[in-house]
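Architecture and fold: a report
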Amino acid sequence: MFPTPKLQETLKTILAWLHRGFDATATWVTQLSWWKFFLFAALSLIAASILQDELFSPSPSDEVVTRSHKRNRPGETNITIDDSGIHFNPRGVKTRKDAPKPEEPPKPAETIPGEVPDAPTAPTATPAPEAPPAKPAHPAKPAKPALPAGAPQPGEEVHIELPPQIGEELSNAIEEAVDDAAEQKVSRYTQQASTWFKSFVSLLVLALFATKVLMGGKKRAEAETQTANAAAERAAMQRQLSEAKMQMMQAQVEPHFLFNTLASVEHLIETDPPRASAMQRSLIKYLRAVLPQMRENALITNLGREADMVVAYLALLKMRMEERLTIDFAIPEGLRTAAFPPMMLQSMVENAIKHGLEGKPEGGTLKVRAEVAHNKLRVVVTDDGLGFGAKPSDGTGLGLLTIRERLKLLHGDQAHLKIEPNLPSGVIATIEVPYQLAK
């Protein structure tokens, strides 16, 4: 027969609770250090030993109760030993007062000297010897005729006379034997229960030890996985926040730079139309390089694309600053496919122009270099202007703090931005990222 749905639900509930209990116990055991576990095991064994002594050691009162326990129950055979002899009373049979009458036949047996009773017994004995020659297998049947003479009927009380001293000693010996047997039985049960209790505690400690050994690695792996997942989620959220910031900043074209460039184009249209046309072409080239970057919102681009955007930006600045700006731009052709974060190179160049060279009357030189060292792509922007911090920034481009945050989120400790002074004047800004090809 199949179990009913209600029974199945009950079994499922019980199994679920057992699974939860085992999982909670396994988690607790695996979280304990080894010295704490061994301390717990030792304390458990000591407590079990104390409970074993308290629960399963017989007390004197228990012995007294055992010895004074009466075993005469209704419906059981009753055997009484007193000064008159042994009285055997079968189950459920009360002592009859008519018993003296069947006891009278043995009295004549006691008065054996009178031969008068022997006379009737003699003729009855004569047929007894005749029976053996006829059937040798019937020697026991002569005892049956003795039953009606004086033997009790089945179910009647039997009385065996003994001397008083022997009866008392026999009674004491039987009582001591019964008490000893009862004590041995109780002691055996107590010892067996004590052994079971001790074995249960030992197996429990051994099971906890096996759980810690076998499931410790699994629980630790699960905990490490949960920690790693939480850390990955936090990093993903920080990365998304950084991406949102970067996208917002990439969407912002420097207003000051655009306004100044358009004003210069307007002025050159009136004074020097060829230069105005060249500046307009440079502005178009720069916007063509910048706008796709803003639309894609990519986290990683290639160094060649960033270099083309910076070259167009510097061409515009060169038309504005003319001889005050000297450009030394050298990016090896083999490094143009290297992966590089977007807008970082332009941010470094903007900082060099605004904080160093633009405020210096005689201008200066801007150098851009790229190389690979120790499996790191190193991009260096150097200027010999006023120096970092000499002129406050009024732009809205990517700042150095944002560059450091983005580098940390993208590459962790493997990438960094370094700012150091240049001699005799100016700033050296260096970005190092892991060298890898852009996808």
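Quick caveat: nothing in here was measured; it's all calculated off a predicted structure.

1. Examining the nonpolar core
With 46 residues, the main nonpolar core has Phe340, Val349, Leu366 and Ile431 as its most contacted residues. For this core, the secondary-structure elements that each account for two or more residues are α10 (255-271), α11 (273-296), α12 (303-321), α13 (344-357), β7 (364-373), β8 (376-383), α14 (400-411) and β10 (427-434). For this core, the element with the most residues is α12, which contributes 10 residues.

2. Quick notes on the pairing of strand β9 (residues 416-421)
Pairing between β9 and β10: 6 bridges, direction antiparallel. Pairing of lysine 418 across the sheet is with threonine 430, part of β10. Where β9 folds back on β10, the antiparallel hairpin that results is connected by 5 residues, among which glycine 426 adopts a positive phi of roughly 105 degrees.

3. Quick look at the packing of aromatic side chains
Here the structure, examined in full by the defined rule, presents 7 aromatic pairs. Consider the rings of tyrosine 286 and tyrosine 313, whose centres lie 5.9 Å apart with planes at 45 degrees: the pair is tilted. Note that tyrosine 286 is positioned in helix α11 and tyrosine 313 in helix α12, a separation of 27 residues in sequence. Tyrosine 313 shares its class with tyrosine 286; the two are buried. Positioned above the aromatic ring of tyrosine 189 is the side chain of arginine 188, whose terminal nitrogen or guanidinium carbon lies 5.8 Å from the ring centre. In this arrangement the basic side chain of lysine 212 is found over the ring face of tryptophan 34, its NZ or CZ atom lying 4.9 Å from the centre.

4. Some remarks on the pattern of salt bridges
Inspection of the entire model under this criterion finds 8 salt bridges. Arginine 275 is the partner of glutamate 322 in a salt bridge, and the nearest nitrogen-oxygen pair spans 2.6 Å. Taken together, the residues span a long stretch of sequence, with glutamate 322 in the loop between α12 and β5 (325-330) and arginine 275 in helix α11 at a distance of 47 residues. A relative accessible area of 32% means that glutamate 322 is categorised as partly exposed. Of the charged contacts, one joins glutamate 432 and arginine 378 as a salt bridge, the two residues approaching to 2.7 Å between their closest N and O atoms. Taken together, the residues glutamate 432 in strand β10 and arginine 378 in strand β8 connect sequence positions 54 residues apart.

5. Examining the packing of α13 against α14
For the pair α13 and α14, interaxial distance at closest approach is 11 Å and the crossing angle is 155 degrees. On the basis of their axis angle, the class for α13 and α14 is roughly antiparallel. Every pair of crossing elements has a handedness; the one defined by α13 and α14 is left-handed. Contacts between α13 and α14 pair Met344, Ser347 and Asn351 from the former with Leu400, Ile403, Arg406 and Leu407 from the latter.

6. Quick look at helix α2 (residues 34-56)
The end-to-end C-alpha distance of α2 is 32 Å, a good match for the 33 Å that 23 residues give at a rise of 1.5 Å each. Within the sequence span of α2, burial applies to Phe37, Ala41, Ala48 and Gln52.

7. Description of the packing of α12 against α13
α13 packs onto α12 with a crossing angle of 20 degrees between their chain directions and a minimal axis gap of 9 Å. Here α12 lies roughly parallel to α13, going by the angle between them. Note that α12 runs across α13; the crossing there is right-handed. Contact residues: Glu306, Ala307, Met309, Val310, Tyr313, Leu314, Leu317 and Met321 in α12; Met344, Leu345, Gln346, Val349, Glu350, Ile353 and Leu357 in α13. In the contact of α12 with α13, the residues fall into 12 nonpolar, 1 polar and 2 charged.

8. Comments concerning the pairing of β10
In terms of burial, β10 is largely enclosed, as 8 of its 8 residues are buried. When β8 meets β10, the two strands line up antiparallel, connected through 8 bridges. By the bridge assignment for β10, valine 379 is matched with isoleucine 431.

9. As for a nonpolar patch on the surface
On the surface, Trp34, Phe38, Leu203, Leu206, Phe209, Val213 and Leu214 cluster together to form a nonpolar patch covering roughly 740 Å² of accessible area. Elements with a minimum of two residues in the nonpolar patch: α2 and α9 (164-250). The leading source of residues in the nonpolar patch is α9, at 5 residues. Relative accessible area serves as the criterion here: at 48%, phenylalanine 38 is assigned to the partly exposed category.

10. Some details on the environment of proline 341
Structurally, the position occupied by proline 341 is in the loop between β6 (339-340) and α13. Take proline 341: its relative accessible area is 0%, and that puts it in the buried class. Between the C-alpha atom of proline 341 and that of alanine 298, which follows or precedes it by 43 residues, the distance is 8.5 Å.

Scoring rules and cut-offs
- Residues numbered from 1 in each chain as written.
- Predicted model: local features only at pLDDT ≥ 70, side-chain atom pairs only at ≥ 80, totals over all residues.
- Heavy atoms only, no water.
- Core = buried A, V, L, I, M, F, W, Y, C linked by side-chain atoms within 4.5 Å.
- Buried < 20%, exposed > 50% of the residue type's maximum accessible area, 1.4 Å probe, protein only.
- Helix = DSSP H or I, 4+ residues; strand = E, 2+ residues; numbered from the N terminus.
- Pairing = 2+ DSSP bridges.
- Phe/Tyr/Trp six-rings, centres within 6.5 Å; stacked < 30°, edge-to-face > 60°.
- Lys NZ or Arg CZ within 6 Å of the ring centre and 35° of its normal.
- Salt bridge = Lys/Arg side-chain N within 4 Å of Asp/Glu carboxyl O.
- Axes fitted to C-alpha atoms, helices over the stretch in contact; angles between N-to-C directions.
- Parallel < 35°, antiparallel > 145°, perpendicular 65-115°, else oblique.
- Left-handed = near helix turned anticlockwise from the far one by under 90°.
- Contact = heavy atoms within 4.5 Å.
- Expected span 1.5 Å × (residues − 1).
- Nonpolar A, V, L, I, M, F, W, Y, C, P; charged D, E, K, R; others polar.
- Patch = residues over 30% accessible without salt bridge, like charges linked within 9 Å, V, L, I, M, F, W, Y side chains within 5 Å.
- Areas by Shrake-Rupley, 256 points an atom, 1.4 Å probe, with all protein chains shown as cover.

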